[in-house]
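One letter stands for each residue in the lines below.
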Amino acid sequence: MFQAQSQSTGSPAPNPAELFRDYDLGGFFDETVAEDLTPRPASDRLCRRIAELAPGDLARRQAAAETAMRRLGITFSVYGDARGKERIIPFDILPRVITAEEWRTVERGLKQRIVALDRFIGDVYGDQKILNDGVVPRSAVESGEGLKKACMGLKPPRGVWCHITGTDLVRDSDGTLYVLEDNLRVPSGVSYVLQNRRLTKQTFPGLFTDNDIRPVDDYPWRLLECLHWLCGGRVEDPVAAVLTPGIYNSAYFEHSFLAQQMGIPLVEGRDLVVRDGFVQMRTTRGPRRVDVLYRRIDDEFLDPAAFRKDSLLGVPGLMEAYRSGRVALANAPGTGVADDKVIYTYVPDMIRYYLNEDPILPNVPTFRCGDPDSLKHVLANLETMVVKPANESGGSGMLIGPASSAAEREEFAARIKDDPRDYIAQPTLALSRVPVLCDPAPDGSLNLAGRHVDLRPFIIRGPETYVLPGGLTRVALTPGSLVVNSSQGGGSKDTWVLSGEGRAKGEGEE
Amino acid sequence: MLSRVAESVYWMSRLVERAENVARFIGVNLNLSLDLPDRGGEGEQWHPLVVTSGDDAAFSKRYGEATRRNVIRFLALDAENPNSVRSCLATARENARTVRECISEEMWEHLNQFHLMVSEACDARKGEGPVAEPHEFFEKVRQAGQQFLGVTDATMTHGEAWQFCRLGRCIERADKTTRILDVKYYLLLPEPEDVGTPFDSLQWAALLRSAGALQMYRQKHGRITPRDVVDFLVLDLQFPRSVLFCLAQADGALHAITGTPSGTFASPAEQHLGKLHARLAFTRADEIVAGGMHEFLDSTQRQLNQTGKAVYDTFFAPQPG
């Protein structure tokens, strides 16, 4: 039922199919539009609403949302860009909608995965059963940059290593969702999930009245609960803080936003000192103890006494305080050992090994260049593959085969041969697409064009394992581009997980 | 609260106040040129503004002649001048960005927009916005500055961070009131025969208007005399831009932060401010005029600087690990 504000009592009912009359699927799976160019059932109500809008209204709302982002200062910092130090992440106001049923599978799959990964990290720094049993080769772990000697034998509070994970999911042309990678170190993006929702509510209040959308706003509260849980029993009224590298970090907005939402201090390394074995903040009234840090600084920079000696970002002595149980850290140092694209290839094996279950969400088929046979295959098929360094993040240092020149492939082949362990390769997926609002067509009509997307849901391992319903939908705004990273010019969308029961009929992807 | 955060909040608030005061400052001359159509143009003196802002050396080196255009460019939109309206707001906004979790969302939003408004005006028409439409631009800056104050008081918990805001604002405002008053000293110098003439009264009125004080002054003193203007802008206990009023507020903020009883001190900051406050509280306008207004203002400014330094040493300086 619609309480639409459309004044058009006499005019014919708006037809949502009209929205996509000229839409080009381009041969890809589209998250919003079915093959017959009508909206998929999950997006049907949304599209009806859009179709009801007066001409030009959608573009006006889009512009209003962008103005609001600038006014609110929702930005990320760009490295090496002195002038426009901050940019807003382009935001497309058409939400991406996910059915309750599909989400149930995703949620189960993500929980299964993170439990296995967490067991794996603990095992690597502990008994190393999985390595001794040869399920994951010892050499693959020991040759990775993520393994931290300083973490050997650590017993993190509550036995959990990875409290916050952002797992990237992509959908291939057959409609299957694959896990592309697990971000287990300091994953970014959740602040944009919350801000995107806020912007959508502001620009489209009507949409929320006739869709049952699962809320995301309690994420900061759940994160704080997890942080407090980590100090459980040890201290009465724990003091938590977010540890940031500072204002020039690309994710500074997020660090600040989360601290603000949780109502806890945002600290930099220079605000902290380890004294009498405890971590203390420098305050206007002298030192004050900190019990748990949500750290957004990478391992290597966390503590110059334990890791990189030249780091000015961290806190000397932090690791010692952590080791002796006087401060809790989320995520625990060392989680990067599982955030390695070579180790990623073994996650299905970990799930079988630790949980004795079949993986619910499949990995993207992946070749490890460290295996001689795979290396041969990869080098022979570079133009059809995506090749990634095992330890980079942010979409840098990749080769996208189909979009590369012969010279680039030659240069990349040399790099792979130099250090095969450091590279993995995947067949180029036909990533699914979503419609985004482009500049209006010459006749002023709505111009919707398909762009590739991925999805990064966030998982918190606290008193219970919580999966944020939805996640960050990142859009490659350049036509045809497969790279969705914000540092590479990607944009984002609000992501709706419907709470209503089964709209799966005719959904197409099952 | 974190020392770093306290420092950022203090400077955020100081710099917004500074930007607003630079706008008021320029208003002295804009008001004068409005009041004196016959003397306008050639009669305008812009050099005193640069002198009293304390940035004369930097100005002369880069601009040379103190024309209206040069002075407005320097004081309003010069990104290399750290005390220009534009720089103050860019830095205030950057400070706010580092303490977003401690200030209210409305403060952040307002300050972010204020900064965008100013930088867009400065970029517009090849950076001539404030030069071409100075009345409009400086009026907007004054209004936005006042709004920031209102938003701060209405939306931020009146706890320690707010006290640091108040401290920074009041120290800055006290300093700027002495500088606005000092403009008169420099304006007078070239033409001492003007003293006591209608022209002299017009200058004092323009000055009071720039300090936002003309109407309130008239309520209290009526006719404009130099002694009463000094009394009002320096020693009035109830007018919120008078130096003494600002010092009392700053002193209150400081004692609220430390918890030390008023009238005593436990830190260099409290000692410095307390001394300065007492000195003004026990001075009469006649004595200031007789002893030389400029000398008095100058020494007050110096002591305000020392107070600022003492605030730094007491609260913000990195303590030994």
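The rules behind the values
Residues numbered from 1 in each chain as written. Chains lettered and ligands numbered in written order. Predicted model: local features only at pLDDT ≥ 70, side-chain atom pairs only at ≥ 80, totals over all residues. Heavy atoms only, no water. Domains from an automatic or database assignment. Contact = heavy atoms within 4.5 Å. Buried area = accessible area lost by both parts, 1.4 Å probe. Salt bridge = Lys/Arg side-chain N within 4 Å of Asp/Glu carboxyl O. Polar contact = N/O pair within 3.5 Å; in protein donor to acceptor, adjacent residues only side chain to side chain. Helix = DSSP H or I, 4+ residues; strand = E, 2+ residues; numbered from the N terminus. Nonpolar A, V, L, I, M, F, W, Y, C, P; charged D, E, K, R; others polar. Pairing = 2+ DSSP bridges. Core = buried A, V, L, I, M, F, W, Y, C linked by side-chain atoms within 4.5 Å. Buried < 20%, exposed > 50% of the residue type's maximum accessible area, 1.4 Å probe, protein only. Phe/Tyr/Trp six-rings, centres within 6.5 Å; stacked < 30°, edge-to-face > 60°.

A word on the domain arrangement of chain B. All names here are of chain B. Annotation of chain B at the domain level lists domain 1 (1–156) and domain 2 (167–320). Computed from C-alpha coordinates alone, the two centres of domain 1 and domain 2 are separated by 20 Å. Tallying the contact residues gives 29 residues for domain 1 and 31 residues for domain 2. Of all residues in domain 1, Tyr10, Arg24 and Thr52 give up the largest surface area on contact with domain 2, accounting jointly for 19% of the area buried on that side. Counting every contact that joins domain 1 to domain 2 gives five salt bridges. Residue Arg241 is joined to Glu20 by a salt bridge in which the shortest nitrogen-to-oxygen separation is 3.7 Å. If you look at where domain 1 meets domain 2, you find nine residue pairs in polar contact (both at pLDDT 80 or more). Mapped by element, the contributors of at least two residues to the side of domain 1 that touches domain 2 are α1 (3–35), α2 (47–53) and α8 (134–155). If one sorts the elements of the side of domain 1 that touches domain 2 by residue count, α1 sits on top with 17 residues. Per-class residue counts for the side of domain 1 that touches domain 2 are ten nonpolar, ten polar and nine charged.

For the rest of this paragraph, the subject is the sheet that holds strand β7 (residues 266–267) of chain A. Residues and elements named next belong to chain A. The four strands lie next to each other as β7-β6-β11-β12, forming an open sheet whose pairing is parallel. The open sheet has two free edges, formed respectively by β7 and β12 (328–330), since each of these has just one partner strand. As paired elements, strand β6 (residues 240–243) and strand β11 (residues 292–295) share four bridges and run parallel to each other. Paired with Leu243 across the bridge in β11 is Arg295.

Residues Phe120 and Met350 of chain A together with Leu167 and Leu233 of chain B are the most contacted members of the largest nonpolar core, which totals 165 residues. Here the element with the most residues in this core is α1 of chain B; it accounts for 14 residues. Residues lining this core come from more than one domain, with at least three contributed by each of domain 1 (1–156) and domain 2 (167–320) of chain B. Residue contacts for Phe120 of chain A: discarding those within four places in its chain leaves Ile130, Val136, Val141, Ala338, Ile343, Met350 and Tyr354 of chain A. Counting residues in each nonpolar core, the second largest holds 65 residues, with Val33, Ile164, Val242 and Tyr294 of chain A among its members.

Here we come to the packing of aromatic side chains. Aromatic ring pairs are reported here in terms of the distance separating the ring centres and the angle at which the planes meet. All names here are of chain B. On inspection of all chains with the given rule, the structure shows 19 aromatic pairs over all chains. Their ring planes at 70 degrees and their centres at 5.1 Å tell us that Phe59 and Phe74 sit as a pair that is edge-to-face. Placement of the pair is Phe59 in helix α3 (residues 56–63) and Phe74 in helix α4 (residues 68–77), with a sequence separation of 15 residues. Geometrically, the ring pair formed by Tyr63 and Phe74 is edge-to-face, given 5.6 Å between the ring centres and 75 degrees between the ring planes. Here Tyr63, found in helix α3, pairs with Phe74, found in helix α4; they are eleven residues apart in sequence, far enough to count as distant.

Opposite the 28 residues of chain A that make contact, chain B presents 25 residues. Between chain A and chain B, the buried area comes to about 2,600 Å², and carbon and sulfur atoms account for 40% of it. If you look at where chain A meets chain B, you find six salt bridges. Arg285 of chain A serves as the salt-bridge partner of Glu160 of chain B, at 3.7 Å between the closest nitrogen and oxygen. Seen at the junction of chain A and chain B, the total is 17 residue pairs in polar contact (both at pLDDT 80 or more). Where the side of chain A that touches chain B is concerned, the elements lending two or more residues are α3 (57–72), α9 (252–262), β7, β8 (272–275) and β9 (278–283) of chain A. Along the lines of polarity and charge, the residues of the side of chain A that touches chain B split into ten nonpolar, seven polar and eleven charged.

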